[in-house]
Amino acid sequence: MTARNIIPLALLGSTALALVMPTTTHAAGFVEDAKVTLGLRNYYFNRNYLNGTDPVIRGERQGQAEGWTQNFILDARSGFTEGTVGFGLDVLGLYSIKLDGNRGAANTQLMPIHDDGQAADQFGRTAVAAKAKISKTELKVGEWFAVLPILRADDGRSLPQTFQGAQLTSSEIDGLTLYGGQFWKNSQRHDASREDMTFNGVEGDDFNFGGGEYRFNGNNTMVGVWHARLEDVYQQSYVQLTHSQPVGDWVLGANLGYFNGKDEGAAKAGDLDNKVYQGALSAKRGNNTFQVTYQRLSGDTKFLRIDGASGGTLVNDGFLSAFDSPEERSWQLRHDYNFAGLGIPGLTLMNRYTSGSNIHTGGRTDAEEWSRETELAYTIQEGTLKNLNIRWRNSDVRRDVGQDLHENRLIINYPLSIL
């Protein structure tokens, strides 16, 4: 998609509310509850391959992957018209411009890559979703940035991933939220096209899902149950328990989960077998948060997820690895610090170390990997540039089988409120 085509489409995000706004007074909620923001995201990515693990692209070794983009994310969300049934519209206008990066950008996943190995100069798309609401039940149809435990759109590069489908969300019973729906198209984070839902490149039919989350104990405890099917490829169930408990000056937290996945229907991707047992325990006191996690996979298959989707539901998902290979066992130590305690509000620091072992891959049954990741972030608290956020991510990963990497990312986000 060319810049000439995508810019007018992106402008739909700022004009859609006016274009579809009913002229009667019943539209008051449609406009009064509307929100329109323009996110300016500048993204620099540099990955170095170590120990001779750099990939070969068109006969040439790629010692590093590097790219730099400027991105525009226009997010326009209407309220609902008044009446028994309220109607609304959500629009995402997404546009990315390459500032730097040629053949070395092939493995950054910042931009689409042409057949000649060069990164595109720009790309983008427009995602539109209509919505209707009765009481506390909402139906949404179209394309949007969907985040569910069994299907999480990835937002780790220039532009976010989006899915096209329909979703029903109901919160009629206090504390209980029910979900159900179907997705049929996938736009990955570095692609302007809409493709069928796939797993490991194997095309399935529709992705169907249902689930529920119940919160109680003053919202301190949540139990979630989910089931999903990529028709004729895989099915997956997920059970989750989270709890937060104040104890004196501390706040203790727990996140426990279990995935069970296998092949489904025609089994186009072959026999699949994957189970994940995981848990994260955290302790927060003042400006410090400590966390320890454990994640164990069993079965002959890696973690089941739609191609391009985030592994963020896994407790050991990180910048460089999700530690989700067949039979892998991994643990993590993490520390977060908020510098508000030292009189610098808006400045935060995260450090984590994750170690994985017992990996069944590349003909081995005892492969290992580890990663060390740091994120230093600062959000401006006041003034003209209030809410501008700067993040620096520095990471390393070492593997017995696979690529050894050293990475730096610099991400600047500036949200502008239009409405």
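Residues numbered from 1 in each chain as written. Predicted model: local features only at pLDDT ≥ 70, side-chain atom pairs only at ≥ 80, totals over all residues. Heavy atoms only, no water.

Engineer: How would you sum up the overall build of the protein? Please name residues and give values.
Structural biologist: Within the protein one finds three helices and 24 strands. Here the C-alpha radius of gyration of the protein, 22 Å, is about what a compact globule of 419 residues would show, namely 22 Å. The buried share among the 419 residues of the protein stands at 45%. By sequence separation, contacts in the protein at least 24 residues apart represent 59% of the contacts at least 6 residues apart. Per element, the accessible surface of the protein, about 19500 Å² overall, is 53% carbon and sulfur. Across the protein, the 40 positively charged side chains and the 49 negatively charged ones have centroids separated by 4 Å. (Helix = DSSP H or I, 4+ residues; strand = E, 2+ residues; numbered from the N terminus. Rg over C-alpha atoms; globule rule 2.2 N^0.38 Å. Buried < 20%, exposed > 50% of the residue type's maximum accessible area, 1.4 Å probe, protein only. Contact = heavy atoms within 4.5 Å. Areas by Shrake-Rupley, 256 points an atom, 1.4 Å probe, with all protein chains shown as cover. Lys, Arg positive; Asp, Glu negative; His and termini not counted. Charge placed at Lys NZ, Arg CZ, Asp CG, Glu CD.)

Engineer: Report on the pattern of salt bridges, specifying residues and quantitative values.
Structural biologist: Using the criterion set out here, one finds 24 salt bridges in the structure. By sharing partners, the salt bridges in this structure join Arg47, Glu407 and Arg409 into a single network. (Salt bridge = Lys/Arg side-chain N within 4 Å of Asp/Glu carboxyl O.)

Engineer: Could you give me a rundown of the nonpolar core, with the residues and numbers involved?
Structural biologist: Residues Ile150, Phe183 and Phe207 are the most contacted members of the largest nonpolar core, which totals 30 residues. With 21 residues, the next largest nonpolar core counts Tyr43, Leu92, Leu320 and Val397 among its residues. (Core = buried A, V, L, I, M, F, W, Y, C linked by side-chain atoms within 4.5 Å.)

Engineer: Talk me through the environment of lysine 302; I want residue IDs and the actual numbers.
Structural biologist: Examined against the element boundaries, lysine 302 turns out to sit in the loop between β19 (288-298) and β20 (329-338). When the C-alpha atoms of lysine 302 and glutamate 327 are compared, they prove to be 8.0 Å apart, with 25 residues separating the residues in sequence. Once residues lying within four places of it in the same chain are set aside, the contact partners of lysine 302 are Phe199, Asn200, Asn274, Leu297, Asp324, Ser325 and Pro326. A distance of 3.1 Å separates a polar atom in the side chain of lysine 302 from a polar atom in the side chain of asparagine 200. (Polar contact = N/O pair within 3.5 Å; in protein donor to acceptor, adjacent residues only side chain to side chain.)

Engineer: Give me the lowdown on the packing of aromatic side chains, citing residues and values where you can.
Structural biologist: In this structure the tally under the stated criterion is 13 aromatic pairs. Joined through ring pairs, the aromatic side chains of Trp144, Phe163, Phe183 and Phe209 make up one cluster. Stacked on the ring of phenylalanine 80, the Lys or Arg lysine 131 has its end atom at 5.0 Å from the ring centre. Between arginine 352 and the ring centre of phenylalanine 319, over which it is positioned, the NZ or CZ distance is 4.7 Å. (Phe/Tyr/Trp six-rings, centres within 6.5 Å; stacked < 30°, edge-to-face > 60°. Lys NZ or Arg CZ within 6 Å of the ring centre and 35° of its normal.)

Engineer: Explain unusual backbone geometry residue by residue, including any values.
Structural biologist: For asparagine 219, which is not glycine, the phi torsion reads 70° and is therefore positive. Structurally, the position occupied by asparagine 219 is in the loop between β14 (207-216) and β15 (221-230). Residue asparagine 219 is classed as exposed on the basis of its relative accessible area of 58%.

Engineer: Outline the pairing of β14, listing residues and values.
Structural biologist: Pairing analysis gives eight bridges linking strand β11 (residues 176-187) to β14, with the strands arranged antiparallel. Residue pairing for β14: glycine 181 is matched across the bridge by phenylalanine 209. Looking at chain direction, β14 and β15 are connected through ten bridges and run antiparallel. Following the sheet pairing, glycine 211 is matched in β15 by tryptophan 226. Here β14 folds back onto β15 in antiparallel fashion, the turn holding four residues, of which asparagine 217 has a positive phi close to 60°. (Pairing = 2+ DSSP bridges.)

Engineer: Could you give an account of the pairing of strand β5 (residues 86-100), with specific residues and numbers?
Structural biologist: Counting buried positions along β5 gives eleven out of 15 residues, so the element sits mostly inside the fold. Where strand β4 (residues 64-77) lies against β5, ten bridges are found, and the strand directions are antiparallel. Its bridge partner being in β5, aspartate 75 is matched across the sheet by leucine 92. Two strands pair when backbone bridges link them, and β5 and strand β6 (residues 122-134) are joined in this way by twelve bridges, in the antiparallel orientation. When the sheet's bridge partners are listed, tyrosine 95 is paired in β6 with glycine 124.

Engineer: Which residues make up the environment of threonine 374, and what values go with them?
Structural biologist: Along the chain, threonine 374 turns up in strand β22 (residues 364-379). Relative accessible area serves as the criterion here: at 13%, threonine 374 is assigned to the buried category. Taking the C-alpha atoms as reference points, threonine 374 and arginine 334, 40 residues apart in sequence, are found 9.8 Å from one another. Leaving out residues up to four positions away in the same chain, threonine 374 has contacts with Phe319, Leu349, Met350, Asn351, Trp392, Arg393 and Asn394. A polar atom in the side chain of threonine 374 sits 2.6 Å from the side chain of asparagine 351.

Engineer: Just give me the short version of the side chain of threonine 108, but keep the residues and values in it.
Structural biologist: Within the fold, threonine 108 resides in the loop between β5 and β6. Setting aside anything within four residues of it in sequence, one finds threonine 108 in contact with Phe45, Ala65, Glu66, Gly67 and Arg157.

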